[in-house]
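Overview (structure and organization)
These are the residues of each chain, in order.
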Amino acid sequence: MRVLQINAVYGFKSTGVIVKDIGETLLNNGHQAYFAYQSTNEKPQNSFLIGNKLDWKFHAFYARLFGKQAYASKRATKKFLKWVGTIKPDVVHLHNLHSNYINLNMLCDYLQKNNIPTVITLHDCWFFTGKCTHYANVKCQKWQENCGICPQNKCEQKSLFFDTTSKVLKDKTEHLLKIKNLTLVGCGQWVAEEVKKSKLKSANIEVVYNGVDTEIFTPHQSNIREEFGIQAEDFLVLGMADKWYSHQNRQEVEKLFEKFREKVKFIIIGCKEKQKEYFSKFENVRAVGYISDRKTLSDVYCASDVFVNLTRADTLPTVNMESICCGTPVITFDCCGSPELIDEESGFVIKEGDVDGLIDCVSKLINSPLQFDANKQQQKFDKKNCYKKYLDIYKKVREKK
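This structure is a prediction, so every number in the text was calculated from the model and none was measured.

Let us look at the overall build of the chain. Per the secondary structure count, the chain includes 15 helices and 15 strands. Over its C-alpha atoms the chain spans a radius of gyration of 22 Å, differing by no more than 12% from the 21 Å that the globule rule assigns to 401 residues. Expressed as lengths along the three principal axes of its C-alpha atoms, the size of the chain is roughly 65 × 50 × 35 Å. Here the analysis covers contacts within the chain between residues at least 6 apart in sequence; of these, 66% occur between residues at least 24 apart. Accessible surface, the chain as shown: approximately 18300 Å² in total, 48% of it carbon and sulfur. Positive and negative side-chain charges in the chain, numbering 58 and 47 respectively, have mean positions lying 11 Å apart.

In structure tokens form, the structure reads like this:
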């Protein structure tokens, strides 16, 4: 079986690692894996680079001007589809296409014309909205019927002059539903339930969790505390900079820092310089830059007593799974797909924005650490178990052809 995966990145960032892991699962089970992408840090075999820097810049300008992403790159897409014709894939698997590198309408028309079974992983909500990847933080439900007057038109995937979300949603829906053999795969239960409310609800819908490398993300000894001058007896809270620095969470974060000024140390990772400057104002906070090495990231999880995820819009946070697989409990808001990863053994789910509830949960863990069987939790999130489910989906959609 020949499977072509298309994604903005290959081999790095969360979706790029997922694409690579699915490819390895295919190869390990005697199938052929092909890849198409915009960017990679390691060129795989049987792969195609879509477009070039000039084309990507023009596409980004076009999207910024007209609010239409995945409408440009016609020449690059035509060249790519010619390559697709030479490999004749049995299944095409789409991941993230919203990075200004491919023309969605042309791609859908090709898949429909050639009757190629198509699988789409919903890493976010872009495929069933007029432009946004997430809408939960603005409580928008327009995508269920018809977008327009978009509350995020000037912020997410910013459009300078025009609101074309109604037109884009109409085009996107019509072109995707032309594909006769179409399967949508939610990377979690929440997004799968959301797409059932959308204009794509007539498609076949499955659920496959994004997997975690449990050989890396597993309980082990770590020297991170020593590296950052944190004592063994200190209670250590881990946070991610983009969530903790956001305007929506700033008040909660500062209350948390103040409440536990003498009892708790915080380590915030993924900080840019401006974020480092902000977090460094607090004596009990260590601000760390982006960690690309997954082994180092697992060291940070293992060194922490709790991971606090302040996400307000997230399809299925891989960071929650990574922390739990390392034996570190998670506290998160009751937003989108984040809560479904946590059970009564592995953490706490609190109401969105509930700083008192957050403080209460941290206090509980200081007084009574939450311990659970990480190996048991790993069975749910192990990439080897998760990505084999895609093989079953590929076989099923191929047989439908």
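This part covers the packing of helix α3 (residues 74-87) against helix α4 (residues 104-113). Where α3 contacts α4, the axes come no closer than 9 Å and their chain directions differ by 25°. On the basis of the axis angle, α3 is roughly parallel to α4. Crossing hand, α3 versus α4: right-handed. Facing Lys-74, Thr-77, Lys-78, Phe-80, Leu-81, Val-84 and Gly-85 of α3, the residues of α4 in contact are Met-106, Leu-107 and Tyr-110. Among the residues forming the contact of α3 with α4, the class breakdown is 6 nonpolar, 2 polar and 2 charged.

Moving on: the nonpolar core. Proteins that are soluble and globular tend to have nonpolar side chains buried together. By size, the foremost hydrophobic cluster in this structure holds 53 residues, and its most contacted members are Leu-4, Ile-6, Phe-80 and Leu-97. If you look at the next biggest cluster of nonpolar residues, it comprises 50 residues, including Leu-238, Tyr-301, Phe-381 and Tyr-394.

Attention shifts here to the environment of Glu-344. Within the element layout of this structure, Glu-344 appears in the loop between β14 (330-333) and β15 (347-350). For Glu-344, a relative accessible area of 75% puts it in the exposed group. The sequence separation of Glu-344 and Pro-219 amounts to 125 residues, and the corresponding C-alpha distance is 19 Å.

This part is about the sheet that holds strand β10 (residues 235-240). Read across the open sheet, the 6 strands follow the order β12-β11-β10-β13-β14-β15; overall the sheet is parallel. Taken across any chain shown, the strands that pair with only one partner, and hence form the sheet edges, are β12 (285-287) and β15. Pairwise comparison of adjacent strand axes, ignoring direction, gives a mean angle of 20° for this sheet. For β10 and strand β11 (residues 264-269), the ladder comprises 6 bridges, and the chain directions are parallel. What sits directly across from Met-240, in β11, is Ile-269. Across the sheet, helix α11 (residues 294-303) is in contact with β10 and β11; its angle to β10 comes to roughly 135°. In the packing of helix α13 (residues 355-367) onto the sheet, the strands contacted are β10, β11, β13 (306-309), β14 and β15, and the crossing angle to β15 comes to about 165°.

On to the side chain of Ser-47, then. By the secondary structure assignment, Ser-47 is in strand β5 (residues 47-49). Its relative accessible area of 13% is what places Ser-47 among the buried residues. Separated by 3.3 Å, the side chains of Ser-47 and Tyr-37 make a polar contact. Reaching out from Ser-47, the side chain makes a polar contact with the side chain of Lys-43 at a distance of 3.4 Å.

A few words on the environment of Leu-104. Within the secondary structure, Leu-104 sits in helix α4. A residue is classified by how much of its surface remains accessible, and Leu-104, at 3% relative accessible area, is buried. A sequence separation of 72 residues divides Leu-104 from Leu-176, and the C-alpha atoms of the two residues are 8.8 Å apart. In contact with Leu-104, not counting residues within four places along its chain, are Ala-70, Leu-97, Trp-126 and Lys-172.

Counted under the stated rule, the structure contains 29 aromatic pairs. Joined through ring pairs, the aromatic side chains of Trp-244, Tyr-245, Phe-257, Phe-266, Tyr-278, Phe-279 and Phe-282 make up one cluster. Positioned over the ring face of Tyr-245 is Arg-250, at 4.3 Å from the centre of the ring.

The final tally for this structure, using the stated rule, is 24 salt bridges. As a salt-bridge pair, Glu-206 and Lys-396 come within 2.8 Å of each other at their nearest N and O atoms. Taken together, the residues Glu-206 in strand β9 (residues 204-207) and Lys-396 in helix α15 (residues 383-400) connect sequence positions 190 residues apart. On the basis of relative accessible area, Lys-396 is assigned to the partly exposed category, the value being 40%. Of the charged contacts in the structure, one is a salt bridge between Asp-213 and Lys-383, with a shortest N-O distance of 3.6 Å. With Asp-213 in the loop between β9 and α7 (224-227) and Lys-383 in helix α15, this residue pair connects regions lying 170 residues apart in the sequence.

We now examine helix α14 (residues 374-381). Turning to α14, its buried residues are Ala-374, Gln-377, Gln-378 and Phe-381. Buried residues of α14, seen end-on, are gathered within an arc of 105° and therefore sit on one face of the element. On the buried face of α14, the contacting elements are α12 (318-325) and α15. Between a side-chain oxygen at the N-terminus of α14 and the backbone nitrogen of Asn-375 the separation is 3.1 Å; the capping residue is Asp-373.

Cut-offs applied
Residues numbered from 1 in each chain as written. Predicted model: local features only at pLDDT ≥ 70, side-chain atom pairs only at ≥ 80, totals over all residues. Heavy atoms only, no water. Helix = DSSP H or I, 4+ residues; strand = E, 2+ residues; numbered from the N terminus. Rg over C-alpha atoms; globule rule 2.2 N^0.38 Å. Contact = heavy atoms within 4.5 Å. Areas by Shrake-Rupley, 256 points an atom, 1.4 Å probe, with all protein chains shown as cover. Lys, Arg positive; Asp, Glu negative; His and termini not counted. Charge placed at Lys NZ, Arg CZ, Asp CG, Glu CD. Axes fitted to C-alpha atoms, helices over the stretch in contact; angles between N-to-C directions. Parallel < 35°, antiparallel > 145°, perpendicular 65-115°, else oblique. Left-handed = near helix turned anticlockwise from the far one by under 90°. Nonpolar A, V, L, I, M, F, W, Y, C, P; charged D, E, K, R; others polar. Core = buried A, V, L, I, M, F, W, Y, C linked by side-chain atoms within 4.5 Å. Buried < 20%, exposed > 50% of the residue type's maximum accessible area, 1.4 Å probe, protein only. Pairing = 2+ DSSP bridges. Polar contact = N/O pair within 3.5 Å; in protein donor to acceptor, adjacent residues only side chain to side chain. Phe/Tyr/Trp six-rings, centres within 6.5 Å; stacked < 30°, edge-to-face > 60°. Lys NZ or Arg CZ within 6 Å of the ring centre and 35° of its normal. Salt bridge = Lys/Arg side-chain N within 4 Å of Asp/Glu carboxyl O. Arc of directions from axis to C-beta.

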